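What follows is each chain in one-letter form.
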Amino acid sequence: MIKQEDVYKIGKLGKPHGVKGELSFLFSDDVFDRVDADYLVLDIDGILVPFFMEEYRFKSNEKALVKFVDIGSEERARQLTGCEVFFPRNLSDSDDEHVSWAEIIGFAVIDKQNGQVVGHIKAIDDTTINTLFEIETTAGNDILLPAHEELIHEADMQRREIRMSIPDGLLDL
């Protein structure tokens, strides 16, 4: 059984394309192409299920058309529309020096000064010039922290933690 901590979200399936089972795939990380993966993991009613890819082709930098093995009709493809798509962490091409933003969603953020967990990363906002971590604090509030390399001291992929130097007063905003 595939566990949530063994995968990370890379996108979502859109509507069928054509009548032979092809689906649009909106992705935030093209790791499936960089490592020449055989399969992707889909969330089917809360259960993570591997689907082997027959073929795929890029339509843009954020969209591909994907054809899965045994999905041969528009009707079967439509059943997968809206499914979130995940990628196995053990197949990722990242290392401690190079990690994609998608891989750190869910990581705990720890304040380096006091060793306390600030919260967990919910999303990455890279729509502005300064990339921000959207964090749900342990108190249940949402805060934004700059994802600047000078503030990030360590990323522990095994423990799913990021240690940061958080400037005084930033958590009080």
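This text goes with the structure placed above it.
All of these numbers come straight from a predicted model, not from anything done at the bench.

Brief notes about the packing of aromatic side chains
Aromatic ring pairs: the centre-centre distance and the angle between the two ring planes describe each pair. For the structure shown, the criterion picks out eleven aromatic pairs. Relative to F32, the ring of F27 lies with its centre 5.4 Å away and its plane at 80°, an arrangement referred to as edge-to-face. Take F27 and F32: they sit in the same class, and that class is buried. Judged by centre distance (5.6 Å) and plane angle (65°), the rings of F51 and F68 are edge-to-face. Of the two residues, F51 sits in strand β4 (residues 47–58) while F68 sits in strand β5 (residues 63–68), which places them 17 residues apart along the sequence. Residue classification places F51 among the buried positions, given a relative accessible area of 15%. The structure contains a cluster of three or more aromatic residues connected by ring pairs, namely F25, F27, F32, Y56 and F58.

Side note on the pattern of salt bridges
Applying the stated criterion to the full structure yields ten salt bridges. A salt bridge links E84 to K9, with the shortest nitrogen-to-oxygen separation between them at 3.0 Å. With E84 in strand β6 (residues 84–88) and K9 in strand β1 (residues 7–17), this pair connects stretches of sequence that are 75 residues apart. The exposure class of K9 is partly exposed, given its relative accessible area of 38%. A salt bridge links E134 to K122; the nearest nitrogen and oxygen atoms lie 3.7 Å apart. Taken together, the residues span a long stretch of sequence, with E134 in strand β9 (residues 132–137) and K122 in strand β8 (residues 117–125) at a distance of twelve residues. K122 gets classed as partly exposed once you look at its relative accessible area, which sits at 37%.

So, the sheet that holds strand β2 (residues 22–27)
The antiparallel closed barrel is built from six strands, whose spatial order is β1-β2-β5-β4-β3-β6. Averaged over all pairs of adjacent strands, the angle between their axes in this sheet comes to 50°, without regard to strand direction. In this structure, β1 lies alongside β2, joined through five bridges in antiparallel fashion. Bridging from a neighbouring strand, G11 pairs with F27 of β2.

Some remarks on the pairing of β9
Inspection of the sheet shows β8 paired to β9 by six bridges, in the antiparallel sense. Following the sheet pairing, I124 is matched in β9 by F133. With five bridges connecting them, β9 and strand β10 (residues 142–146) associate as antiparallel partners. Bridge pairing links L132 to P146 in β10. Following β9, the chain reverses through four residues before pairing antiparallel with β10; G140 in that reversal takes a positive phi of roughly 95°.

Definitions and cut-offs
Residues numbered from 1 in each chain as written. Predicted model: local features only at pLDDT ≥ 70, side-chain atom pairs only at ≥ 80, totals over all residues. Heavy atoms only, no water. Phe/Tyr/Trp six-rings, centres within 6.5 Å; stacked < 30°, edge-to-face > 60°. Buried < 20%, exposed > 50% of the residue type's maximum accessible area, 1.4 Å probe, protein only. Helix = DSSP H or I, 4+ residues; strand = E, 2+ residues; numbered from the N terminus. Salt bridge = Lys/Arg side-chain N within 4 Å of Asp/Glu carboxyl O. Pairing = 2+ DSSP bridges. Axes fitted to C-alpha atoms, helices over the stretch in contact; angles between N-to-C directions.

Function-wise, these values are silent; they only describe arrangement.
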